[in-house]
Amino acid sequence: MKAVGFIGSPRKGGNTETLVNEILAGAAEKGAQTSTYSLNDLNIKGCQSCFYCKGHPGCVLKDDMQKLYDEIMKADAVIIGSPIYMWQMSGQTKIFIDRLLPFLNPAYSLKKGRRKDLVLAFTQGQDDSGLFMPYYESTGEMLESVGFNIKGLIVAPGVNEKGEVKKQKDTLEKARNTGRDLFK
Ligand SMILES: Cc1cc2nc3c(=O)[nH]c(=O)nc-3n(C[C@H](O)[C@H](O)[C@H](O)COP(=O)(O)O)c2cc1C
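Residues numbered from 1 in each chain as written. Predicted model: local features only at pLDDT ≥ 70, side-chain atom pairs only at ≥ 80, totals over all residues.

Chemist: Help me understand helix α4 (residues 91–98), please; the structure alone is not making it clear to me.
Modeler: Residue pairs three or four apart in sequence face the same way in an α-helix, which turns once every 3.6 residues. Within the span of α4, buried status applies to Q92, T93, F96 and I97. Burial along α4 is one-sided: seen end-on, the buried residues are contained in an arc of 130°. Along its buried surface, α4 packs onto β1 (2–7), β3 (77–85) and β4 (88–89). (Buried ≥ 20, exposed ≤ 12 C-beta atoms within 10 Å, placed from the backbone. Helix = DSSP H or I, 4+ residues; strand = E, 2+ residues; numbered from the N terminus. Arc of directions from axis to C-beta. Contact = placed C-beta atoms within 7 Å.)

Shown next, in the form of structure tokens:
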């Protein structure tokens, strides 16, 4: 049992990292082996639109994404966390998600065998948790089309200061329970 988390915020000890770690802590309680990657620390180039991945398994770009493909393939569950930047996911997260294109190749598809479970976690400065809900839902649908089973969406609204999400006990509890439920 393995869960891997991808953190799309550059801020160490920030709200997104806290939320992703909480979900992983829940998974670990149920016996899952966990690992995390901070996307900002990695060398991940933007998709080059070469469509190498249409005819071959994997991506032609030999950067840190190769390790992440491997981690996703080995995982039972994947957590993707991003802060909202200008009404959308962070650029670091978007570059990573564009690079999931190889999984649309049937030969490399996540849909083969058991699809990977996925939890999405978003943090936002604005208080209204419904404000970006259509965006969160369409992001989930897009990731379903890539081959993931969406098992949860955690949103932390009204968090601006680093680590402020720690004050939201309900959000943290939901995150931990969602992590536990991945491996029940
Ligand atoms: C460049 C930038 C743009 C942002 N845009 C938005 C936004 O459009 N809506 C919003 O609610 N919060 C916005 N925020 C606030 C962040 O989403 C929020 O502070 C989040 O908790 C940061 O996560 P972190 O602590 O993991 O870095 C923005 C923050 C930055 C740095």
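That covers the picture; the talk isn't over yet.
Chemist: Can you walk me through the pairing of strand β5 (residues 116–123) in this structure?
Modeler: One face of the sheet, then the other: side chains in a regular strand alternate in exactly this way. With 8 of its 8 residues buried, β5 lies for the most part within the structure. The side-chain alternation of β5 yields two buried faces, one formed by K116, L118, L120 and F122 and the other by D117, V119, A121 and T123. Summarising the sheet, β3 and β5 pair through 7 bridges and their orientation is parallel. Bridged to I80 within β5 is L120. As paired strands, β5 and strand β6 (residues 148–156) are joined by 8 bridges and run parallel to one another. Across the sheet, residue L118 finds its bridge partner in β6, namely I150. Each parallel crossover has a hand, and the one from β5 via helix α5 (residues 133–146) to β6 is right-handed. (Pairing = 2+ DSSP bridges. Right-handed = clockwise from strand over helix to strand, strands pointing away.)

Chemist: Is there a simple way to explain the site of the ligand in this structure?
Modeler: Contacts to the ligand come from 18 residues, most closely from S9, G14, T16, P83 and G125. Among the elements of the structure, α1 (15–29) and β3 are those that each provide at least two residues to the shell around the ligand. When grouped by side-chain class, the residues that make up the shell around the ligand number 6 nonpolar, 9 polar and 3 charged. (Near = placed C-beta within 6 Å. Nonpolar A, V, L, I, M, F, W, Y, C, P; charged D, E, K, R; others polar.)

Chemist: What's the story with the pairing of strand β2 (residues 33–38) in this structure? I'm lost.
Modeler: Summarising the sheet, β1 and β2 pair through 6 bridges and their orientation is parallel. Considered in β2, the bridge of F6 is made with Y37. The parallel pair β1 and β2 is bridged by α1, and the resulting crossover is right-handed.

These figures capture arrangement, not role.
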